[in-house]
Structures are given as structure tokens and as C-alpha cells.
Amino acid sequence: MAPPILGTGPLTAGVSSPGTALTGAEVLRRAHGAARRLDGVARVAVDEPDPVHRLCWLLGADLAGSATLIVDPEWSRPESVLADAKPGAIVSGAPPEAAPVAARGDERTHFYLPTTSGSSGAPKVLVRTRGSWLASFTALDVVLRRDDVVLVPGPLSSSLFLFGALHALHQDREVRLLPKWSATAVAEQCRDATVVHLVPAMLAALLSVWERRPQLLAACALRLVVCGGAGVDGVLEERLRLLLPGCELLEYYGSAEHSLIAARRGAPRLRPLVDVDVRDAMGDSLPAELGGVLWVRSELTFDGHLRRGALDAAEPGWSSVGDHAVRHDDGTVSVLGRTGSTISTGGALVVAEEVESALRGSADVRDVVVAGTPHRRLGALVTAVLEVDPRTAPTRAELRARTRHLEPAKRPRRWLAVSALPRTGSGKPARAGIAEGLREGTLDAEELR
């Protein structure tokens, strides 16, 4: 019997990571062993570095009707996260193999305890039901081919990468897991992996490897890149098209609270998968083509937050995480900026993502975060923190030319270079940490000249 999250069919596809490989039958036996161990446990924390064993524990918890928190070693305060989740058990190692047990629970059963990414602050523990995850598979509407091999090169503590792994297993497709991001290792894996789940920063780094190593590019078998976690700008998409003209891009937008919200595949803009509305600061709906706060109504929405083990239930109906967007006349949406990334400078509000998109057009910029440096008169100086190769770092004059089309208030006043941006476990730039470093003057960066 397969865990409910995998549907009703058999599991024949294997799961592997460096050092561990299990057949579908072995995955199921370990999942049933985990379920026996977790009998009567409402919430479990999985603190196990091997991603294959992590996945087996989660599948076993699903069989037992338990909700799983996957511990992220990158959490700065894990004790705070565990105090909110209040698990009945903390497990590690490889679950034992066992004979099948009967599955417990239904679609309303609490299945997974995702945390917010931490890119904009301390992680919060959320609650998702089994039914909401199953509905997310349907909403994504991606049918994998029989011979697809799905590569998931990020930590399963990130719901983005866990979703990629479970979506593949739900369709009984082979999954390859990498416990730690390495662009070179992913390029090697893409010799026979046909689908990969990434965030845009990972895609940019992967494209750079292929640009430097044409032999790996020539051997690449990818047919589909699934990208979430942030917007894919036009420059990045064009690089992918030029390097791999036969590879398709599927970009989706969502949040830990709402799961999938919108997606695009072969189209220039995101199309909503659920009900969306764009509203002003008073909560009134705005007409098309005017920017405001994005509100969502969806059956995929989380059930609420856990605080010291108690569920603070989410209100039914419309809700928002504060992201800014525009709804267009044709029903598509453009996400302007994530919550927490807007900078107030001299009375103007600057959406960081718009400035970042302009700067990513430079071939010498690997990645960039735009944030505010405190300023007594203006409130904040728009500051660009750029990940660059010191040997080929662009000059300030070159970067200023790339932002000349922006309104004056949006153009960076301060330019900093780092060899590697601080990142969360899921590979996203750690905005909150970078902003704190700018506030405290502790960010390890050099001024660009």
C-alpha cells in the first residue's frame, strides 16, 4: 500500500542521492516501518541529513496520519521553530523496513508543517493538509513522461523542493536528490535527468556552468525546467533559450501560506491558478493595470500557524501575504515585489525586484539583492549588493547605465560587491540577513568603484 500522498497506484520508481539508492519497493517498506514507529504521534520532526531517509520518514508519517516538520540545519534558531511545532517525536537515521500498515487519516489530516523560507525573517511554522497538497499536484498540471528522471537539487526542508520530489513520486517517476546545492554537480546529473526543480538563482548558476563547459551542455538531457521561489526575468529566460532551445521553462509563483497561485508555460506572463484580486491599502479592488496588494482565495491555502504547539487557524476566504502585483486586462498577473522587499527612500517606495531585474541583465552579475542602507535624511539609500567574480567585476558606471531607464528614486545610490550572497537553505538570497548587515554595518562587502 502506497502512502496516501502518492495516490492509489504502485510505487515502482526509485529514489536516490549520493551514497543512498532505494527501489520503489524499498521506499515503501521503509515508509511502513516509519509508520509503525510513529503510531499515535500527531507531529514529528525529521532531523536526518540523508534526503532519501528524510523522504521515507515523511511518507511513513503520511501513512500514520502524522504531520511532518523537516528540520533545516540552516535555521539560525532551531529551538524556536521546534518550540512552535512541538513535535511528539524527533527522528533520525534510516527508518526500518516493515510489513504494510493501514493508512490513517483523510484529506483534512494535517500532513506537512512547512516553514516560511526565512529569506525575509525568522521562519514560521505553518500547517498544510494532505488534501491541499494533492490539489496542488492537480493545479500544477504537469504530466511527466514515462521515462522522465526528476532532479531535485535542494533541501527537502524547503517546500519548493519537497513538492518537486512528491509530485514526481505521485506519478511514479524516478527521483534524484542532492543534499547540497552545487551547480557543477547538477550539470553532471543533467546528463540523464530530464526534469529539474530550481529557484532562479540556481538556474543562473547552472547556465554559467554550461557556458563555461560546453561538453556538459552538449550532454544535457533536460526537457523541462520548473522554476519557483522568485521571478524569472527575461534575461535569464533568454539565456536558457539560447543554450537549450529544446528545453521548456515552467515558472510558478506561490507562497508557503497559499501554495501555488499562478504559473506560466510558453507564455510571457503568469496566469492565476486560483482566485486572485489586487487591492489598494484600504482593501478595495483595483481596476486592471494598476499595482496594489495581491489577495488570494484558494483551496490550497494553509490551515494556520503553529505557536507553541497550538494552531492559530487561518481565516477562511481571502488572504494576503503582502506581495505586490498588477492584474492585466487579459487576466494574467505580474508580481511586482515580495513582501518585505520594498524600500522607502526620500518619500518614494522602491520595489527591490524591479531594480534587481535591471541589474541581472549584466553578464558579469551572478546575482543581486537590492535593499536599504539607513540614511538620516532619506530614510534609506537604495543599495545594490552584487554577487560577482572579483576578476571580472563590472564598474559602477557600467551598472548605472543598466538602471538609466528607471525613475531616479529607484536607481541605487550605493554599490557593494560580494563573492557570494548569503543564502537560505533553499538557495534564495537571505534578504533579512543582508538588510540587517546593512543596518548594522556588518555586511562583508566591498564598495564598487
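Scroll up to find the structure this text is about.
A brief report on the enclosed structure follows. Because the structure is predicted, anything quoted here is derived from the model rather than measured.

### Points about the packing of aromatic side chains
Right, on to step 1. Throughout the structure, instances matching the rule amount to six aromatic pairs.
Right, on to step 2. Ring geometry for Phe-137 and Phe-163: centres 5.4 Å apart, planes at 45°, overall tilted. Within this pair, whereas Phe-137 is found in helix H4 (residues 130–140), its partner Phe-163 is found in helix H5 (residues 159–170), the two being separated by 26 residues in sequence. Note on accessibility: Phe-137 and Phe-163 belong to one class, buried.
Right, on to step 3. An aromatic cluster is defined as three or more aromatic residues linked by ring pairs; in this entry it consists of Phe-111, Tyr-112, Trp-133, Phe-137 and Phe-163.
Right, on to step 4. Over the face of the ring belonging to Trp-295 we find Arg-279, whose NZ or CZ atom lies 4.8 Å from the ring centre.
Right, on to step 5. Here the basic side chain of Arg-279 rests over the ring of Trp-318, its NZ or CZ set 5.1 Å away from the ring centre.

### What to know about the pattern of salt bridges
Right, on to step 1. For the structure shown, the criterion picks out 32 salt bridges.
Right, on to step 2. Of the charged contacts, one joins Glu-237 and Arg-264 as a salt bridge, the two residues approaching to 2.8 Å between their closest N and O atoms. Here Glu-237, found in helix H9 (residues 234–243), pairs with Arg-264, found in strand E13 (residues 259–265); they are 27 residues apart in sequence, far enough to count as distant.
Right, on to step 3. Overall, Arg-264 belongs to the buried group, its relative accessible area being 8%.
Right, on to step 4. Between Arg-366 and Asp-389 there is a salt bridge, and its shortest N-O distance comes to 3.8 Å. Of the two residues, Arg-366 is situated in the loop between helix H10 (352–359) and strand E23 (367–375) and Asp-389 in the loop between strand E24 (379–387) and helix H11 (396–402); the sequence distance between them amounts to 23 residues.
Right, on to step 5. Bridged by salt links that share partners, the residues Glu-353, Glu-356, Arg-360, Asp-367, Glu-387, Arg-423 and Arg-431 form one connected network.

### Remarks on the state of the cysteines
Right, on to step 1. Under the defined criterion, the tally for this structure stands at zero disulfides.
Right, on to step 2. In this model Cys-190 remains outside any disulfide bridge; the closest cysteine sulfur is found in Cys-220, 4.9 Å from its own.

### Observations concerning the environment of Glu-26
Right, on to step 1. You can see Glu-26 is positioned in helix H1 (residues 24–37).
Right, on to step 2. A relative accessible area of 24% places Glu-26 in the partly exposed class.
Right, on to step 3. The spacing of Glu-26 and Pro-114 is 88 residues in sequence and 26 Å in space, taken between C-alpha atoms.
Right, on to step 4. Not counting residues within four places of it along the chain, the set of residues in contact with Glu-26 comprises Ala-21 and Glu-97.

### Observations regarding unusual backbone geometry
Right, on to step 1. Unusually for a residue other than glycine, Asp-141 sits at a positive phi of about 55°.
Right, on to step 2. Accessibility expressed as a relative area gives 58% for Asp-141, which makes it exposed.
Right, on to step 3. The backbone of Asp-172 sits at a positive phi, close to 60°, despite the residue not being glycine.
Right, on to step 4. Within the element layout of this structure, Asp-172 appears in the loop between H5 and strand E9 (174–177).

### As for the packing of H1 against helix H2 (residues 51–64)
Right, on to step 1. Packing of H1 against H2 brings their axes to within 7 Å, and their N-to-C directions diverge by 55°. Taken together, H1 and H2 sit at an angle that is classed as oblique. Crossing geometry of H1 relative to H2 is assigned as right-handed. Of the residues in H2, those touching H1 at Val-27, Arg-30, Ala-31, His-32, Ala-34, Ala-35 and Arg-37 are Cys-56, Trp-57, Leu-59, Gly-60, Leu-63 and Ala-64.
Right, on to step 2. Broken down by class, the residue content of the contact of H1 with H2 amounts to nine nonpolar, two polar and two charged.

Conventions we followed
- Residues numbered from 1 in each chain as written.
- Predicted model: local features only at pLDDT ≥ 70, side-chain atom pairs only at ≥ 80, totals over all residues.
- Heavy atoms only, no water.
- Phe/Tyr/Trp six-rings, centres within 6.5 Å; stacked < 30°, edge-to-face > 60°.
- Helix = DSSP H or I, 4+ residues; strand = E, 2+ residues; numbered from the N terminus.
- Buried < 20%, exposed > 50% of the residue type's maximum accessible area, 1.4 Å probe, protein only.
- Lys NZ or Arg CZ within 6 Å of the ring centre and 35° of its normal.
- Salt bridge = Lys/Arg side-chain N within 4 Å of Asp/Glu carboxyl O.
- Disulfide = S-S within 2.5 Å.
- Contact = heavy atoms within 4.5 Å.
- Axes fitted to C-alpha atoms, helices over the stretch in contact; angles between N-to-C directions.
- Parallel < 35°, antiparallel > 145°, perpendicular 65-115°, else oblique.
- Left-handed = near helix turned anticlockwise from the far one by under 90°.
- Nonpolar A, V, L, I, M, F, W, Y, C, P; charged D, E, K, R; others polar.

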